[in-house]
Structures are given as structure tokens and as C-alpha cells.
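Fold and contact review
Read off the chains here:
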Amino acid sequence: MRAAILHEVGKPLAVETVDLEKPRPGEVAVRIGATGVCHSDLHYIKGDLPFPLPVVLGHEAAGVVDAVGPEVDSVRPGDHVVMLFAPACARCRYCDAGRPHLCELRSRVRGKMPDGSTRLQWKGRELHHFTCVSSWAEMAVVPEAGVLRISEEVPLTVAALLGCAVTTGVGAVVNTARVTPGSSVAVFGAGGVGINVVQGARIAGAATIIAVDLLEHRLEAARRFGATHTINANEEDPVRAIQSLTRGGADYAFEVIGRAAVVRQAVECLARGGVAVAVGIPPAREEYTVGGPAFVLNEKTLRACFYGSAHLRADIPRLLELYYGERLLLDELVTATYPLDRVNDAVAALDRGDGLRGLLVMG
Ligand SMILES: [Zn+2]
Ligand SMILES: [Zn+2]
């Protein structure tokens, strides 16, 4: 099968023929249907975050089960699945506490499968897995806990988005911050994940939804997804603009970029008692700071959101219900599709800020 390999940071990916082993006990082979190109992938390509190389990236995907290893009972060949980049072990302290997205497995599987080995080889050399997904490829072998069966009626392009952008963005609103009806929400960054924070806020019943970005086409898109106001941060100071639109400050603010200066703005634009949520993953050396006295005296909160604080197996079917009820826009998120051979074009488009979400669609 073919896969896009990152051999060296900052260099184009190479689409090559690689060997993929059969699934071992508790593992599943998935034929990838569609896979998103996400900012987190870009961090590793650019070296903003370190990762063992060579690696097959891709963490937002959906496909069709091709084969299952022994002891697998939740899926069968032919099943359509969403791939989950935080497979849960069901027996660690976080899983026991009902927070499987924080499962300990994540730190143990860096570049490997849960048993510490890999299923991917290129010219006899081991290739690293990425988040137990590695979907920028025609096929992937993943843990059974890393797939969730969905109806065959869901287009795989739409299903792929549930693997990261939608679940993270909507989850940040409904799970992490628990936005209440009638409240005011500011969203810094209206890209693939940020636009889903916007529609999550609409679904949660926020009365005022302010999208902040530097790109006019994204602000236009944000209005279609539910923003009541937009601010181009190139043209005006977003903190002041948000404060004046919300009678002194927003109840909630979401930072969906991963930059210290913007996290600071998200905290500063809050009303007293407001909650800021850091969703964007920052580069390795970024440190977040807030102005101390105003933070304490105004009783603000800054918290982080990983993977939408989601209970994936419960939340993804609910998101699909919202999609079928025409309240969650998914088809509209896909603004470009590419074959695997054009993965570098897809990455360049993401880096430029084109569109909302680009997908690699396998032949
Ligand atoms: Zn992602
Ligand atoms: Zn666990």
C-alpha cells in the first residue's frame, strides 16, 4: 500500500509504497476513505513539535474495516468506522474516572502501537505510527479501541471530520466550557476547529457569538456557521471590540490557534467570572501568561481542552444526530479534496489558510 512519509522536518512528504503488517490480537486494519489535513499535523511537519521520524502522519479519518485480528469483537470487515486518535485502554485511572480522552495510553504509544512495536515498514526500516492512526495512507492498522463503528449512510468525507475538528470544536463548547444558553462567546481563530467552536456555540444557544480571525474569507464562513459578529484582528483591537459588543466582556472565550499572545487576549476579553479555553496546540516552546491582578480580581478561569473533553463513543453518535437534524453543518466544512499524491498541495493550502478543511480522499 502507499503512504505519505515525513522523513525530515521542513521537507515535503514522500508518497511511497510501504509494508503494512496484518492486524495482531486486538487490532483492526482499516481501508482509509477520507482523512483531514489538520494544524496539528502541520506542527510536526514544521518541527514546531518534535516527533520520532520517519512517521506516517494523519489523525482525522474514516474508512472501512478491511480485516480484524483475533479477539476483536466490536467491528467486522466491511464496517464503516471513524478513527479515534486517543484510543482508551478502559483500565487506567482516567478511564476509570469516566474521562477516556485523557487515557494514559496516549503517552505510551508515541510513534508505536500499544504493545510498543510498529506495523509499518519502508524498505525494511521501521516507520513510526502517529497517534495510533497514521491515516495519510491507503490503509492503517490501529487498536480496536481506536475505531468507532458508524452507519454506512454517513459519507466517509463527513465521518472523517468527526475524528478531530468537529469533535474538538463542539466538545470545547459543550463539554469543556459547558456554555449556557443566552451567553456571549468569543472565538479566536475560525479555521477547521474554530469554525466548529462557532457552530458548537450556536447549538449550545449562545446569544452573542463573535469570531475573530485575520482572514476575511474565514470571517464570512463564521457568519454562515453561526457567528453573530466578526472582527478582523488586522483592522481593530479584538479585546476592545469584544468588550464593547458584550457590555464589558464575554462570558466565554476560545483560543483555537495556539499562540501565547492570543491566549492572553482571550483571557483579557472576558467578563468578570468568565472562562477562557485554550484549544489550539502551541509550538513546543510557547508559554502562556496572563496579567495577574486582573485575572484574580475579576475571578477569571483559563483552562485547556484536549479532544473536546469528549466521551468519544457517546459524543460522536450525538454529533451525527445533530448532523441529520441539520443543526450541525458538516458537508459545508469540506472546502477542498485531494488525492494522496497531492498531500503536499493540501499541506501548503492549510499553511496558507485556504478554505476551512482540506481532505485527502483515497481512490
Ligand atoms: Zn486535528
Ligand atoms: Zn485508559
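Preceding this section is the structure that the text describes.
These remarks concern the structure in this document. (Residues numbered from 1 in each chain as written. Chains lettered and ligands numbered in written order. Predicted model: local features only at pLDDT ≥ 70, side-chain atom pairs only at ≥ 80, totals over all residues. Heavy atoms only, no water.)

**A look at the coordination of the zinc ion (ligand 2)**
Surrounding the zinc ion (ligand 2) are the protein donor atoms Cys89 (SG), Cys92 (SG), Cys95 (SG) and Cys103 (SG), which sit 2.3 to 2.4 Å from the metal. Note that the zinc ion (ligand 2) binds four donor atoms; their angles at the metal cover 100 to 119°, and the shape is tetrahedral. Spacing between the donor residues of the zinc ion (ligand 2) along their common chain follows C-x2-C-x2-C-x7-C. Residue Cys89 shares its accessibility class with Cys95, and that shared class is buried. (Donors = N, O, S within 2.8 Å, 3.2 Å for Na, K, Ca; no water. Tetrahedral: all angles 85-135°; square planar, octahedral: opposite > 155°, others 65-115°. Buried < 20%, exposed > 50% of the residue type's maximum accessible area, 1.4 Å probe, protein only.)

**Remarks on the nonpolar core**
If you look at the biggest cluster of nonpolar residues, it comprises 97 residues, and the most contacted ones within it are Met83, Trp136, Val166, Val179, Phe254 and Leu360. Residues contacting Phe254, with those up to four places away along its chain left out, are Ala172, Val173, Ala177, Val179, Val185, Ala186, Val187, Phe188, Val197, Val277 and Val279. Counting 16 residues, the second-largest nonpolar core is a separate cluster that includes Val212, Ile242, Ala250 and Val267. (Core = buried A, V, L, I, M, F, W, Y, C linked by side-chain atoms within 4.5 Å. Contact = heavy atoms within 4.5 Å.)

**Description of the pairing of strand S15 (residues 270–278)**
Taking burial as the measure, the nine residues of S15 include seven buried ones, the bulk of the element. As judged from the five bridges shared by strand S14 (residues 250–255) and S15, these two strands associate in the parallel manner. What sits directly across from Ala253, in S15, is Ala276. Taking the sense of rotation as the criterion, the β-α-β connection linking S14, helix H9 (residues 260–268) and S15 turns out right-handed. By the bridge criterion, four bridges tie S15 to strand S16 (residues 301–304) in an arrangement that is parallel. (Helix = DSSP H or I, 4+ residues; strand = E, 2+ residues; numbered from the N terminus. Pairing = 2+ DSSP bridges. Right-handed = clockwise from strand over helix to strand, strands pointing away.)

**Some words on the coordination of the zinc ion (ligand 1)**
Listed as protein donors to the zinc ion (ligand 1) are Cys38 (SG), His59 (NE2) and Cys164 (SG); their distances from the metal cover 2.0 to 2.2 Å. Counting along the primary sequence, the residues that act as donors to the zinc ion (ligand 1) give the motif C-x20-H-x104-C. With Cys38 in the loop between strand S4 (27–36) and helix H1 (39–46) and His59 in the loop between H1 and strand S5 (61–68), the pair connects residues that are 21 residues apart, well separated along the chain. Residue Cys38 is classed as buried on the basis of its relative accessible area, which comes to 3%.

**Focus on the sheet that holds S14**
Sheet architecture is open: six strands sit in the order S13-S12-S11-S14-S15-S16, paired in parallel fashion. Since the sheet does not close on itself, it has two edges, and those belong to strand S13 (229–232) and S16, each with one partner. Averaged over neighbouring strand pairs, the angle between their axes works out to 20° when direction is ignored. In the sheet, strand S11 (residues 184–188) pairs with strand S12 (residues 208–213) via five bridges, with the strands oriented parallel. (Axes fitted to C-alpha atoms, helices over the stretch in contact; angles between N-to-C directions.)

**Some points on the state of the cysteines**
One pass over the full model with this rule turns up zero disulfides. The thiol sulfur of Cys305 is not disulfide-bonded, and the nearest other cysteine sulfur, from Cys164, lies at 10 Å. (Disulfide = S-S within 2.5 Å.)

**Remarks on the packing of H1 against helix H12 (residues 343–352)**
Packed helices, taken two at a time, are described by the angle between their axes plus the distance between the axes. Relative orientation of the contacting elements H1 and H12 amounts to 105°, with a least axis distance of 10 Å. Taken together, the axes of H1 and H12 are roughly perpendicular relative to one another. Here His39, Leu42, Ile45 and Lys46 of H1 come into contact with H12, specifically with Val347, Leu350 and Asp351. Residues of the contact of H1 with H12, tallied by class, amount to four nonpolar, one polar and two charged. (Parallel < 35°, antiparallel > 145°, perpendicular 65-115°, else oblique. Nonpolar A, V, L, I, M, F, W, Y, C, P; charged D, E, K, R; others polar.)

**Some details on the packing of aromatic side chains**
Taken as a whole, this structure holds seven aromatic pairs when the rule is applied. Between Phe85 and Phe306, the aromatic rings sit 6.0 Å apart at their centres with planes inclined by 85°, giving edge-to-face as the arrangement. Of this pair, Phe85 sits in the loop between strand S6 (80–83) and helix H2 (93–96) while Phe306 sits in the loop between S16 and helix H11 (312–324), and the two are 221 residues apart along the sequence. Residue class for Phe306 comes out partly exposed when judged on its relative accessible area of 23%. (Phe/Tyr/Trp six-rings, centres within 6.5 Å; stacked < 30°, edge-to-face > 60°.)

**Observations concerning the environment of Asp354**
As for its position among the elements, Asp354 is in the loop between H12 and strand S18 (357–361). Considering only alpha carbons, one finds Asp354 and Val296, 58 residues apart in sequence, at a separation of 39 Å. Among all residues touching Asp354, those that are not within four sequence positions of it are His217 and Ala349. Polar contacts involving the side chain of Asp354 include one to the side chain of Arg352, which spans 2.8 Å. (Polar contact = N/O pair within 3.5 Å; in protein donor to acceptor, adjacent residues only side chain to side chain.)

**Points about the side chain of Ser184**
Checked against the element boundaries, Ser184 lands in strand S11. Apart from the residues within four sequence positions on either side, Ser184 is in contact with Thr208, Thr246, Gly249, Ala250, Asp251 and Tyr252.

**Observations regarding the pattern of salt bridges**
Evaluation of the coordinates by the stated rule reveals 19 salt bridges. Measuring nitrogen to oxygen at the nearest pair gives 3.4 Å for the salt bridge that ties Arg2 to Glu138. Taken as a pair, Arg2 in strand S1 (residues 2–5) and Glu138 in the loop between strand S8 (125–126) and strand S9 (139–143) lie far apart in primary sequence, 136 residues in all. Residue Arg240 pairs with Asp237 through a salt bridge whose shortest N-O separation is 3.9 Å. Residues participating in the shared-partner salt-bridge network are Glu21, Arg24, Glu27, Asp115 and Arg119. (Salt bridge = Lys/Arg side-chain N within 4 Å of Asp/Glu carboxyl O.)

In short, the description is geometric, and any link to function would need to be established separately.
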